[in-house]
Amino acid sequence: MTKMTLAFFTDAHLGQRLVATSELAGDKMGYEEAPGEHEHHLCVILDDIARKGISKVVFGGDIGTERSVGRFFELVRSHGFEMSLILGNHDSYGNVTQYYDPGESVVAGKLCFSQHDPHLKRIFLDTSDNVVDDCQREWLARELEGVKKAAIFLHHPILPLDTPVDRTGAALRDRDELRSLLTGMDCQISLFCGHYHMIDEAREANIRQYVSPAVSYQIAKQSERLKADTRTFGYRILEFDKDVIRTQIVLFSKP
Ligand SMILES: [Fe+2]
């Protein structure tokens with residue numbers, strides 16, 4: 001395949017309402033269960049993707065409450081998208097695979113897999129336990145052997161971000177191990193992540209990292225403490241043209 005467009009949407013948090021919508025005290029976002037929460041944002045985004053004629057999507061993890069998982073798949077499937085999915089820290093393998101075929105298992109109990117085309121390999125990692133772990137890292141190293149260009153999709157960023165949420169314990173636990181594994185490879189790597197609910201691009205050695213906005217709500221990048229913006233939501237479009245990747249953000253804001 002020489003040209004392909006896909007939409008990367010992430011962090012739907014369906015049915016999870018933030019307990020406070022402005023300054024959040026403490027070290028993490030708190031949620032209460034609220035059926036239907038963020039569903040409208042998801043519908044706006046799915047409709048927009050369909051309207052743009054994009055049929056392939058990647059979901060970046062954090063579907064929402066356990067009870068909303070069925071609804072999530074119903075909404076995505078009603079648009080007829082071909083979806084690849086990775087898990088976030090709010091998802092569980094057992095719950096999601098009731099609705100989604102994990103395919104051939106390459107690492108036991110983990111939703112990780114790869115897709116190859118002649119120009120670029122796409123790799124999908126499972127960080128639902130806030131860690132990639134030894135087994136997936138070994139698999140990843142084998143997957144990258146002899147590969148010159150790769151796109152890796154995972155919920156958590158690997159390169160650090162200068163933002164409060166990166167210092168509150170939300171970071172991937174083995175990101176330093178992953179970073180040295182990836183920088184040691186003779187491969188140009190693009191990382192596509194969510195989790196931090198903000199737009200960011202970073203670069204280090206052979207790695208380019210693209211953090212994408214959330215479907216649900218955003219977190220202010222520059223503030224002293226965690227601060228949410230519940231009026232803005234969006235997703236990212238990726239265009240693969242042979243081994244070149246172009247990307248753009250689509251944002252919506254509530255009046
Ligand atoms: Fe997350």
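Scope of this entry: the structure provided in the associated data block.

Calculation criteria
- Residues numbered from 1 in each chain as written.
- Predicted model: local features only at pLDDT ≥ 70, side-chain atom pairs only at ≥ 80, totals over all residues.
- Heavy atoms only, no water.
- Helix = DSSP H or I, 4+ residues; strand = E, 2+ residues; numbered from the N terminus.
- Rg over C-alpha atoms; globule rule 2.2 N^0.38 Å.
- Buried < 20%, exposed > 50% of the residue type's maximum accessible area, 1.4 Å probe, protein only.
- Contact = heavy atoms within 4.5 Å.
- Areas by Shrake-Rupley, 256 points an atom, 1.4 Å probe, with all protein chains shown as cover.
- Lys, Arg positive; Asp, Glu negative; His and termini not counted.
- Charge placed at Lys NZ, Arg CZ, Asp CG, Glu CD.
- Donors = N, O, S within 2.8 Å, 3.2 Å for Na, K, Ca; no water.
- Salt bridge = Lys/Arg side-chain N within 4 Å of Asp/Glu carboxyl O.
- Core = buried A, V, L, I, M, F, W, Y, C linked by side-chain atoms within 4.5 Å.
- 1 Å grid on protein atoms, 1.4 Å probe; cavity = no way out; pocket = protein on both sides within 12 Å on 5 of 7 lines; lining within 4 Å.
- Points joined across faces, edges and corners; volume = space filled by probe spheres on them.
- Nonpolar A, V, L, I, M, F, W, Y, C, P; charged D, E, K, R; others polar.
- Phe/Tyr/Trp six-rings, centres within 6.5 Å; stacked < 30°, edge-to-face > 60°.

Describing the overall build of the protein chain
Looking only at helices and strands, the protein chain has 5 helices and 15 strands in total. Since a compact globule built from 255 residues should have a radius of gyration of about 18 Å, the 17 Å found for the protein chain is in line with a globular shape. Expressed along its principal axes, the backbone C-alpha trace of the protein chain runs to roughly 50 × 40 × 35 Å. The 255 residues of the protein chain split such that 54% are buried. Intrachain contacts of the protein chain at a sequence separation of at least 6 include 65% that bridge at least 24 residues. Approximately 11,200 Å² of the protein chain is accessible, and the part contributed by carbon and sulfur atoms is 45%. For the protein chain, the centre of its 30 positive side-chain charges and the centre of its 38 negative side-chain charges are spaced 5 Å apart.

Considering the environment of Cys112
By secondary structure assignment, the location of Cys112 is in the loop between α3 (93-96) and β6 (113-117). Accessibility expressed as a relative area gives 2% for Cys112, which makes it buried. Counting along the chain gives 10 residues from Cys112 to Pro102, while the straight-line C-alpha distance between them is 8.3 Å. Filtering out sequence-adjacent residues up to four positions away, Cys112 remains in contact with Val106, Val107, Phe124, Leu125, Asp126, Gln136 and Trp139.

Side note on the coordination of the iron ion
Here the iron ion is held by the protein donor atoms Asp62 (OD), Asn89 (OD1), His155 (NE2) and His195 (ND1), which lie 2.1 to 2.3 Å from it. Of note, the donors binding the iron ion are all from one chain and are spaced D-x26-N-x65-H-x39-H. One end of the pair, Asp62, is in the loop between β4 (56-59) and α2 (69-78); the other, His155, is in the loop between β8 (149-153) and α5 (175-183), and 93 residues separate them in sequence. Comparing Asp62 with His155 shows no difference in burial state: the two are buried.

Some points on the pattern of salt bridges
A complete count under the given rule lists 22 salt bridges for this structure. Its salt-bridge partner being Glu143, residue Lys121 comes within 2.9 Å of it at the nearest N-O pair. Of this pair, Lys121 sits in strand β7 (residues 120-124) while Glu143 is found in helix α4 (residues 133-144), placing the two residues 22 residues apart along the sequence. On the basis of relative accessible area, Lys121 is assigned to the buried category, the value being 12%.

What about the nonpolar core?
Across soluble globular proteins, nonpolar side chains show a tendency to be buried alongside one another. The biggest cluster of nonpolar side chains holds 45 residues, and the ones touching the most others in it are Phe9, Phe72, Leu85 and Phe153. Beyond its immediate stretch of four places on either side in the chain, Phe72 contacts Phe9, Leu14, Leu42, Phe59, Ile63, Met83 and Leu85. One finds Cys112, Val132, Ala150 and Cys193 within the second-largest nonpolar core, a separate group that totals 24 residues.

Quick look at the layout of surface pockets
Each pocket or cavity is described by its volume, and for the second largest pocket that value is around 150 Å³. Together, Lys149, Gln188, Ile189, Ser190, Arg203, Ala205, Asn206, Ile207, Arg208, Tyr210, Val244 and Ile245 line the second largest pocket. Listed by contribution, the elements that provide at least two residues to the lining of the second largest pocket are β9 (188-193), β11 (207-211) and β15 (244-253). Grouping the amino acids of the lining of the second largest pocket by side-chain chemistry returns 6 nonpolar, 3 polar and 3 charged.

Thoughts on the packing of aromatic side chains
This structure, assessed with the given rule, holds 13 aromatic pairs. Between the aromatic rings of Phe9 and Phe59, the centroid separation amounts to 5.1 Å while the plane-to-plane angle is 55 degrees, which identifies the pairing as tilted. Placement of the pair is Phe9 in strand β1 (residues 3-9) and Phe59 in strand β4, with a sequence separation of 50 residues. Taken as a pair, Phe9 and Phe59 share a single burial class, namely buried.

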